[in-house]
Amino acid sequence: MDGDAIQTATGVVAMFNYLTRVADASGIEFDYATPLPAFEPRRDKHPLPRPPADEWPVVTPRFTDLWQRWHDYLFDASHESLTWRQRLVLARAAALESCDRKRADELAEHAPRDDVDRVLDAFARKLSVRPWQMAASDLQALRDVGFAERALLHAMAVTALQNAESRLAVGQALASG
Amino acid sequence: MAWLATISRRDAGGDLAQAYAEMAARPTPEVYVPDHGDAPGIIRAHSLDPALMRLAFSVSGSLHRSTLEWADRELVSSVTSRANECFY
């Protein structure tokens, strides 16, 4: 495989950490017309234990121009659905659960401060570490503290994107030796 | 029915209808075209924000323009989904 193929494979891993989380959090149904038997997720699977924090890699992802636009949009401060800080509360939780020292340190000041933050933090942690257990009640918990449907989409997208970007960083570091 | 509110292609207007048309115009293998006639669920999940839909799927689309072969990309995405215990 040449450098382009390796870079793309790393991007695919990252992208599918986004897409699977949006699929799991939104509760969409399997809808491809495949002749293969449907995959049955093991919903009782235990997440792999995370290594101690002092062993986490300190890595920074390199984004393509398209990826950067996606990132800038989801972390833009002008959306009304979720505040900028609420986005960073979600991203911090996702970075911590993804063992991403660099991003978690960057976002350290955005630890949860109030009850709404704590609901967002719990949502992002579950979606990051055991997405296969997501349920309708996880979205309802966000509605119950006042978030509208578009905010729910943004909450899962920000969380999923941070999961993707933390893995992109690790993958690129591994690929470059 | 998804847990998140979504807008079907049939009910879409304005910018969302345009975004759905752009998604449908992308080259898509037959196996990834659902037989319910609506946009695929993963795209419909983004229907409350057409700008986000365009951005997310522009990145996923860009991963198809590479020397990485189709079968290898499918293998990598399948393993990633399985590690996440996800049908998608």
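A short tour of the structure in this document, coming up. Every chain begins its residue count from 1, and numbering advances along the sequence as written. Think of it this way: whatever chain is written first is A, whatever ligand is written first is 1, and the rest follow in order. Only residues with pLDDT of at least 70 are given local features in this predicted model, and only at 80 or more are side-chain atom pairs given and counted; all residues enter the totals for whole chains, interfaces and linings. Values shown for side chains rest on all heavy atoms present in the structure; no hydrogens or waters enter the calculation.

1. Points about the interface of chain A and chain B
Two residues qualify as a contact provided that any one of their heavy atoms is within 4.5 Å of a heavy atom in the partner residue. If you look at the interface, chain A gives 54 residues, while chain B gives 45 residues. Throughout, buried area stands for the accessible area (probe radius 1.4 Å) lost by two parts on being put together, summed over both. Where chain A abuts chain B, roughly 4600 Å² becomes buried across the two surfaces, and 69% of that area is made up of carbon and sulfur atoms. For chain A, the biggest contributors to the area lost against chain B are A:Ile28, A:Tyr32 and A:Phe39; these three give 16% of the whole. Any Lys or Arg side-chain nitrogen found within 4 Å of a carboxyl oxygen on Asp or Glu counts as a salt bridge. Its salt-bridge partner being B:Glu85, residue A:Arg42 comes within 3.6 Å of it at the nearest N-O pair. Between N or O atoms, a polar contact is any pair within 3.5 Å; within protein, one atom must be a potential hydrogen donor and the other a potential acceptor, and residues adjacent in sequence are included only when both atoms are from side chains. The tally of links between chain A and chain B comes to 22 residue pairs in polar contact (both at pLDDT 80 or more). Elements with a contribution of two residues or more to the side of chain A that touches chain B: α1 (3-26), α2 (65-74), α6 (136-144) and α7 (149-175) of chain A. A helix here means a DSSP run of H or I that spans at least four residues, while a strand means a run of E at least two residues long, and both kinds are numbered starting from the N terminus. In terms of residue count, the dominant contributor to the side of chain A that touches chain B is α1(A) (19 residues). Taken together, the residues of the side of chain A that touches chain B sort by class into 33 nonpolar, 8 polar and 13 charged. Charged residues are taken to be Asp, Glu, Lys and Arg, nonpolar residues to be Ala, Val, Leu, Ile, Met, Phe, Trp, Tyr, Cys and Pro, and polar residues to be all remaining types, Gly included.

2. Some points on helix α4 (residues 70-83) of chain B
In an α-helix there are 3.6 residues to a turn, and that puts residues three or four apart on one side. All names here are of chain B. For α4, which comprises 14 residues, the first-to-last C-alpha distance of 20 Å matches the rise-based estimate of 20 Å (1.5 Å per residue) to within 8%. The cut-offs for exposure are 20% and 50% of the maximum accessible area for each residue type, with area from a 1.4 Å probe on protein chains only; residues under the lower value are buried, those over the upper are exposed, and the others partly exposed. Within the sequence span of α4, burial applies to Arg73, Val76, Ser77, Thr80 and Ser81. Down the axis of α4, the smallest arc covering the buried residues is 130°, so these residues share one side. Across from the buried face of α4, at angles greater than 90 degrees, the exposed residues are Ala71, Leu75, Val79 and Arg82. Helices are assigned an expected span. That span is 1.5 Å times one less than the residue count. What the arc measures is the spread of directions leading from the helix axis to the C-beta atoms.

3. As for the nonpolar core
By size, the foremost hydrophobic cluster in this structure holds 68 residues, and its most contacted members are A:Tyr18, A:Trp70, A:Phe123, A:Met156, B:Ile42 and B:Tyr88. Setting aside anything within four residues of it in sequence, one finds A:Trp70 in contact with A:Met15, A:Tyr18, A:Leu161, B:Leu52, B:Leu55, B:Ala56 and B:Val59. Among buried residues, those of type Ala, Val, Leu, Ile, Met, Phe, Trp, Tyr and Cys that are joined through side-chain atoms within 4.5 Å constitute a nonpolar core. Among the nonpolar cores identified, the runner-up in size contains 5 residues, and A:Trp56, A:Ala95, A:Leu96 and A:Cys99 belong to it.

4. Regarding the side chain of B:Glu85
Take B:Glu85: it is sitting in the segment after α4. Overall, the relative accessible area of 5% leaves B:Glu85 in the buried class. Engagement of the side chain of B:Glu85 in a polar contact is seen with the backbone nitrogen of A:Arg42, the distance being 2.6 Å. Setting aside its immediate chain neighbours within four residues, B:Glu85 contacts A:Phe39, A:Glu40, A:Pro41, A:Arg42, A:Lys45 and A:Trp132.

5. Overview of the pattern of salt bridges
Residue and element names in this part refer to chain A. One pass over the full model with this rule turns up 17 salt bridges over all chains. Between glutamate 106 and arginine 103 there is a salt bridge whose closest N-O contact spans 2.9 Å. Of this pair, glutamate 106 and arginine 103 both sit in helix α4 (residues 101-106), 3 residues apart, roughly one helical turn. Residue classification places glutamate 106 among the partly exposed residues on the basis of a relative accessible area of 45%. Among the residues examined, arginine 103 registers a relative accessible area of 15% and is labelled buried. Between lysine 126 and aspartate 138 there is a salt bridge whose closest N-O contact spans 2.9 Å. Here lysine 126 is found in helix α5 (residues 115-129), whereas its partner aspartate 138 is found in helix α6, with 12 residues between them in sequence. On the accessibility criterion, lysine 126 (15% relative accessible area) is buried.

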